[in-house]
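Topology and contacts: notes
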Amino acid sequence: MPAFTASDGTVLTYHLVGEGEPLLCIPGGPMRASAYLGDLGGLSKQRRLVLLDLRGTGASGLPDAPATYRCDRQVDDIEGLREHLGLERVDVLAHSAGGDLVLLHAARHPHRVRSLSLITSRARALGIDFTEEHRREAALLRAAEPWFASAQEAWEAVWAGSATDADWDAISPFFYGRWDAAAQTHAASEAAQSNAEAAEAYAASGAFDPAAARAVMASLDARVLVLAGAFDSGPLPRVAAAVAELFPRAELAVQRDAGHYPWLDDPLRFRDTVGGFLAQQEPGRPA
């Protein structure tokens with residue numbers, strides 16, 4: 001299993017899936033092992049996926065200092081992977097909370113990023129977050145689903161701060177376009193793949209400086225895809241549109257009937273959208 005050593009001595013593992021030009025893939029969670037990304041709906045048929053297990057997750061090592069789980073302190077890990085792979089500029093895909101990490105990497109190393117694919121991605125790094133009102137708005141889109149009543153009751157417990165583990169499990173259907181056997185299996189793997197201590201530290205105070213990050217993004221010379229799921233609350237499509245507006249070279253895609261994991265909900269549509277974005281050639285620009 002390939003690995004490299006981070007600047008603080010932590011050994012970080014990554015997984016290679018598919019063939020073609022490398023695509024660095026950063027998982028969300030926060031701090032969930034990259035296994036849940038799978039082959040990203042078959043995107044591995046077009047690109048070689050470099051799936052990083054963030055420190056303390058999956059097959060990667062535990063750091064000596066838990067404070068290094070904070071999002072901004074993991075930027076050097078992304079840059080270390082780029083250097084390890086010997087790439088001058090990189091195409092990067094991030095899912096969910098991984099979006100904050102790649103945005104911070106792009107803010108610190110803008111000339112090393114060729115493209116960003118932000119998949120149902122957070123943008124706290126840019127000062128945009130998801131609210132309870134957003135969650136409620138998206139939840140109502142699923143009111144006709146047979147599981148809605150019990151899931152909505154569990155959401156109320158989450159919002160009230162009284163949620164049990166069973167309540168957290170019960171809200172899982174809201175994050176998928178279809179609550180079928182594949183979605184249920186995918187959701188059931190989350191706890192075992194996640195590092196709760198690291199997740200708690202990921203967005204700790206001091207992790208983000210939105211004004212500084214926005215200033216860099218305003219002139220970022222990289223193509224950006226912001227992909228939202230039509231049923232997702234994090235981000236709602238209109239919030240994803242607001243994120244896209246912060247980049248000079250961004251495009252927005254909203255995947256129909258998709259939740260937070262669009263490559264599971266409609267693999268072909270996801271692959272066509274992201275693969276098509278990555279395949280676009282830019283005349284006169286070096287690869």
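Structural data are supplied above this passage.
The notes below deal with the structure included here. (Residues numbered from 1 in each chain as written. Predicted model: local features only at pLDDT ≥ 70, side-chain atom pairs only at ≥ 80, totals over all residues. Heavy atoms only, no water.)

**What to know about the side chain of Arg114**
Threshold: Only DSSP runs of H or I reaching four residues or more are called helices, and only runs of E reaching two or more are called strands; each is numbered from the N terminus. By the criterion applied in these results, polar contacts are pairs of N or O atoms within 3.5 Å in which, for protein atoms, one can donate a hydrogen and the other can accept it, and in which residues neighboring in sequence qualify only through two side-chain atoms.
With respect to the secondary-structure elements, Arg114 resides in strand S6 (residues 113-119). Of the polar contacts made by the side chain of Arg114, one reaches the side chain of Glu21; its length is 2.8 Å.

**Structural notes on the packing of aromatic side chains**
Given two aromatic rings, one states the distance between the centres and the angle between the planes to describe the pair. Short version of the rule: The aromatic pairing rule takes the rings of Phe, Tyr and Trp, using the six-membered ring of Trp, and pairs them if the centres are within 6.5 Å, calling planes under 30 degrees apart stacked, those over 60 edge-to-face and the rest tilted. Accessibility here uses a 1.4 Å probe with only protein chains present; expressed as a share of the type maximum, an area under 20% marks a residue as buried, one over 50% as exposed, and anything in between as partly exposed.
If you walk through the whole model with that rule in mind, you get 12 aromatic pairs. Centre to centre, the rings of Phe148 and Phe174 are 6.1 Å apart; their planes meet at 90 degrees, and the pair counts as edge-to-face. Placement of Phe148 in helix H4 (residues 148-160) and of Phe174 in the loop between helix H5 (165-170) and helix H6 (181-188) is noted, with a sequence separation of 26 residues between them. There is no split in this pair, since Phe148 and Phe174 are both buried. Consider the rings of Tyr176 and Tyr261, whose centres lie 4.8 Å apart with planes at 20 degrees: the pair is stacked.

**Let's talk about helix H12 (residues 267-279)**
What counts, and what does not: A helix's residues, less one, multiplied by 1.5 Å, set its expected span. An arc is given here, and it is the one of the directions from the helix axis to the C-beta atoms. Contact definition: two residues touch when any of their heavy atoms are within 4.5 Å.
For H12, with 13 residues, the first-to-last C-alpha span of 17 Å sits near the 18 Å given by 1.5 Å per residue. Residues Phe270, Arg271, Val274, Gly275, Phe277 and Leu278 constitute the buried set of H12. End-on, the buried residues of H12 take up no more than an arc of 155 degrees, which puts them together on one face. Those residues of H12 hidden inside the fold are in contact with strand S3 (22-26), strand S5 (90-95), S6, strand S7 (223-229), strand S8 (250-255) and helix H11 (262-265).

**Observations concerning the environment of Asp180**
With respect to the secondary-structure elements, Asp180 resides in the loop between H5 and H6. Along the sequence, Asp180 and Asp53 sit 127 residues apart, while their C-alpha atoms lie 27 Å from each other.

**Points about the pattern of salt bridges**
Counted only if it meets this: Salt bridge, as applied in this entry: a Lys or Arg side-chain nitrogen positioned within 4 Å of an Asp or Glu carboxyl oxygen.
In the structure shown here, the tally under the stated rule is 20 salt bridges. Here Arg122 makes a salt bridge to Asp129, at a shortest N to O gap of 2.2 Å. What makes Arg122 buried here is its relative accessible area of 17%. Between Arg269 and Asp266 there is a salt bridge, with the nearest N and O atoms lying 3.4 Å from each other.

**Examining unusual backbone geometry**
Here the bond from Gly29 into Pro30 is cis, since omega is 0 degrees, no more than 30 degrees from zero. Examined against the element boundaries, Pro30 turns out to sit in the loop between S3 and strand S4 (48-52). Residues Gly234 and Pro235 are joined by a peptide bond in cis, for which omega reads 5 degrees. In this structure, Ser96 takes a positive phi of about 55 degrees despite not being glycine. One can find Ser96 in the loop between S5 and helix H2 (98-108). Even without being glycine, Thr120 reaches a positive phi, approximately 35 degrees. By the element assignment, Thr120 lies in the loop between S6 and helix H3 (132-140). When its relative accessible area of 0% is taken as the criterion, Thr120 is described as buried.

Treat this as a map of the structure, not an account of what it does.
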